[in-house]
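Secondary and tertiary structure notes
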Amino acid sequence: MWENIDKVQEVRFHVSRYSPERDSKPYVQVFPVPVREGMTVLEGLHYIKENLDSSLVWRYSCRMGVCGSCGMLLNGRPTLACNTQILDIAKTDLTVAPLPNFDVMRDLVPDLATMFKKHIANKPFIVRQDDAEQNDPSGEYFQTPEQLEEYLQFSYCIKCGCCMAACPTLATDSEYLGPMPLTQGYRYSADTRDGAKKDRMKVSGTGHGAFRCHYAGECSRACPKGVDPAKAIQHLKRQLVLDYLHLAKQRKPCAKQHGPGKGTRDPKIPDAPAKTVGV
Amino acid sequence: MRETKLWTWFMLAGLVILILLGLHMTVAHMGGLTGVGVTKAGDSVNEANSQARDATLFYPVVYVILLAAALFHGLYGLRVILFELGLSSTTQKAVSALLLIVGVGLFGFGTWGVFAAHALYAGRG
């Protein structure tokens, strides 16, 4: 596939290499990569693996900025390799390193386990107080567009870890929960279908929680999906303070609207067109 | 939730400082214009006016509240900055204990000074 590459120019990839069994510390290896317009960093890495060094290791999956697997440090900026065109950020040299603030498993692969441990501690799912309803929901829950708007942007997070890599607080305090887990904690606490805000506050209100954030805002700048974690953390701080002062509005999880198939259709909605297949 | 409690009081202390420092500016630095807290002849910060304010109960109480708020706000802020240095859990506890002792000590000393002055000047009538 690389024979037909319409070469525009050569960019030197300064790639961070590290194998825990072989190396005592990471080192940099330089690879010349022929680059055409529109070529992404992920494609550049594929070129290296197929033509220059098959031992290069990185993580990727969807190639379209959806899965969040290929987060890495490109020219000092945490972002997605699949979502970044080489010529947009480099003319002659490009540094490629694993996301900082994480242990490195190998080459460009960060160990995201610590992030997901903190993520799970924040209960990133909707919790209903009724166990039966929690395990086997019997209907839909009413939520207005305004209520959806409260948390919608935070649900676009793909857990790539770029915000965690950009966070200066996490760089000095490895126990700090970090932007992603705190944002996801807020995302579910702000959801009117949820009833576990108090449980999450016990986690986010600790010494390594929301109050360690000094609002540097780097997480929001780094997010490749346009999520604003810094904003979520400020909302979270407000929630925590108002709750402590007993000034927070008490909210019960929203009621169930109706069971499956038991809803009434809006008469203004016309009938579906007749079937044309399988008649 | 301990950090939530400390953070909330940190912010409330900031609010108290804002209000009481406003009062301090009004009395001590703009007394000539406002006339607030100026009962004797001359400048608002001269000895006679300072002693007259100390002789009342209102100003000493304000001083003590301001001292408490400023100490808590300042020392909690310092604690946060020190924690940023990546201290171990044991060191963090030691720093918290030290700052608590320093804060309580300074508050006790300041309160004693304020009410000693109050007792001295209130007795003079």
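Summarised in this report is the structure supplied together with it. One numbering rule holds for all chains: residues counted from 1, following each sequence as written. Following the order in which they are written, the chains are lettered starting with A and the ligands numbered starting with 1. It should be noted that, the model being predicted, local features are given only for residues of pLDDT at least 70 and side-chain atom pairs only at 80 or more, the latter also being counted only at that level, while totals for whole chains, interfaces and linings use all residues.

Examining the overall build of chain B
We count it as follows: Counting from the N terminus, the helices are DSSP H or I runs at least four residues long and the strands are E runs at least two residues long. C-alpha atoms define the radius of gyration in this analysis, and the globule rule sets the expected value at 2.2 Å times the number of residues to the power 0.38. We call a residue exposed when 12 or fewer other C-beta atoms sit within 10 Å of its C-beta, buried when the count reaches 20 or more, and partly exposed for counts in between; the C-beta positions come from the backbone. Contact between two residues is assigned whenever their backbone-derived C-beta positions fall within 7 Å.
Within chain B, the secondary structure is distributed over 5 helices and 0 strands. Mapped from its N terminus to its C terminus, chain B presents α and β elements in the order α-α-α-α-α. Relative to a compact globule of 125 residues, whose C-alpha radius of gyration would be 14 Å, chain B shows 18 Å and is clearly more extended. Principal-axis analysis of the C-alpha atoms places the extent of chain B at approximately 55 × 30 × 20 Å. Within the span of chain B, comprising 125 residues, buried residues form 13% of the whole. Partitioning the contacts of chain B with sequence separation of at least 6, the portion at a separation of at least 24 is 57%.

Observations concerning the overall build of chain A
The helix and strand tally for chain A stands at 11 helices and 9 strands. When its C-alpha atoms are laid out on the principal axes, chain A stretches across 65 × 60 × 30 Å. A burial count over chain A gives 37% of its 279 residues as buried. When contacts within chain A are restricted to residue pairs at least 6 apart in sequence, those whose partners lie at least 24 apart make up 68%.

A look at the interface of chain B and chain A
Quick reminder of the rule: When residues are sorted by character, Ala, Val, Leu, Ile, Met, Phe, Trp, Tyr, Cys and Pro go into the nonpolar class, Asp, Glu, Lys and Arg into the charged class, and all the rest, Gly among them, into the polar class.
Between chain B and chain A, the contact holds 8 residues from the first and 12 residues from the second. Along the lines of polarity and charge, the residues of the side of chain B that touches chain A split into 2 nonpolar, 3 polar and 3 charged.

A word on unusual backbone geometry
Residues and elements named next belong to chain A. The backbone of Arg 63 sits at a positive phi, close to 65°, despite the residue not being glycine. Its place among the elements puts Arg 63 in the loop between helix H1 (41-52) and strand E3 (71-74). In this structure, Lys 159 is a non-glycine residue whose phi angle is positive, near 55°. Within the element layout of this structure, Lys 159 appears in the loop between helix H5 (145-149) and helix H6 (162-166). We classify Lys 159 as partly exposed; it has 19 C-beta atoms within 10 Å.

Quick look at the packing of helix H3 (residues 113-121) of chain A against helix H8 (residues 179-189) of chain A
Residue and element names in this part refer to chain A. Put simply, the rule is: Axis lines are fitted to C-alpha atoms, over the contacting stretch for helices. Their N-to-C directions set the angle, which ranges from 0 to 180 degrees. Each angle gets one of four labels, with under 35 degrees taken as roughly parallel, over 145 as roughly antiparallel, 65 to 115 as roughly perpendicular, and the rest as oblique. Crossing handedness is defined as follows: a turn of the near helix away from the far one that is anticlockwise and smaller than a right angle gives a left-handed crossing, while the clockwise case is right-handed.
Interaxial distance between H3 and H8 falls to 8 Å at its minimum, and their mutual angle equals 20°. Between H3 and H8, the interaxial angle falls into the category roughly parallel. Two packed elements cross with a definite hand, and for H3 against H8 that hand is right-handed. Across the interface between the two elements, Met 115, Lys 118, His 119 and Ala 121 from H3 touch Met 180, Pro 181 and Gln 184 from H8.

Things to note about the environment of A:Gln234
Considering the arrangement of structural elements, one finds A:Gln234 in helix H11 (residues 229-244). Counting along the chain gives 24 residues from A:Gln234 to A:Ala210, while the straight-line C-alpha distance between them is 8.0 Å.

Considerations on the nonpolar core
Residue and element names in this part refer to chain A. This is how it is decided: Nonpolar cores are identified as sets of buried Ala, Val, Leu, Ile, Met, Phe, Trp, Tyr and Cys residues joined via C-beta atoms within 7 Å.
In terms of nonpolar packing, the biggest core is built from 69 residues, with Met 72, Ala 81, Val 96, Cys 162 and Cys 163 touching the most fellow members. Residue contributions to this core peak at 6 residues, all from H11. Excluding residues that lie within four positions of it along the chain, Val 96 makes contacts with Phe 13, His 14, Val 15, Ser 16, Val 41, Met 72, Leu 74 and Leu 108.

Concerning the sheet that holds strand E1 (residues 9-17) of chain A
Residues and elements named next belong to chain A. Here is the rule: Strand pairing is assigned whenever DSSP identifies at least 2 bridges connecting the two strands.
Ordered in space as E2-E1-E5-E3-E4, the 5 strands form an open sheet in which the pairing is mixed. Only two strands of the sheet have a single neighbouring strand rather than two, namely strand E2 (27-35) and strand E4 (77-80). Neighbour-to-neighbour, the strand axes of this sheet turn through a mean angle of 35°, independent of strand direction. Strand direction decides the pairing type here: E3 and E4, joined by 4 bridges, are antiparallel. Of the residues in E4, the one forming a bridge with Leu 74 is Arg 77.

Description of the pairing of strand E6 (residues 103-106) of chain A
Of the strand pairs in this sheet, E6(A) and strand E7 (residues 109-111) of chain A are connected by 3 bridges, and their pairing is antiparallel. Bridged to A:Arg106 within E7(A) is A:Val109.

What about the environment of A:Ser204?
Tracing the chain through its elements places A:Ser204 in helix H9 (residues 197-204). Residue class for A:Ser204 comes out buried when judged on the 27 C-beta atoms lying within 10 Å of it.

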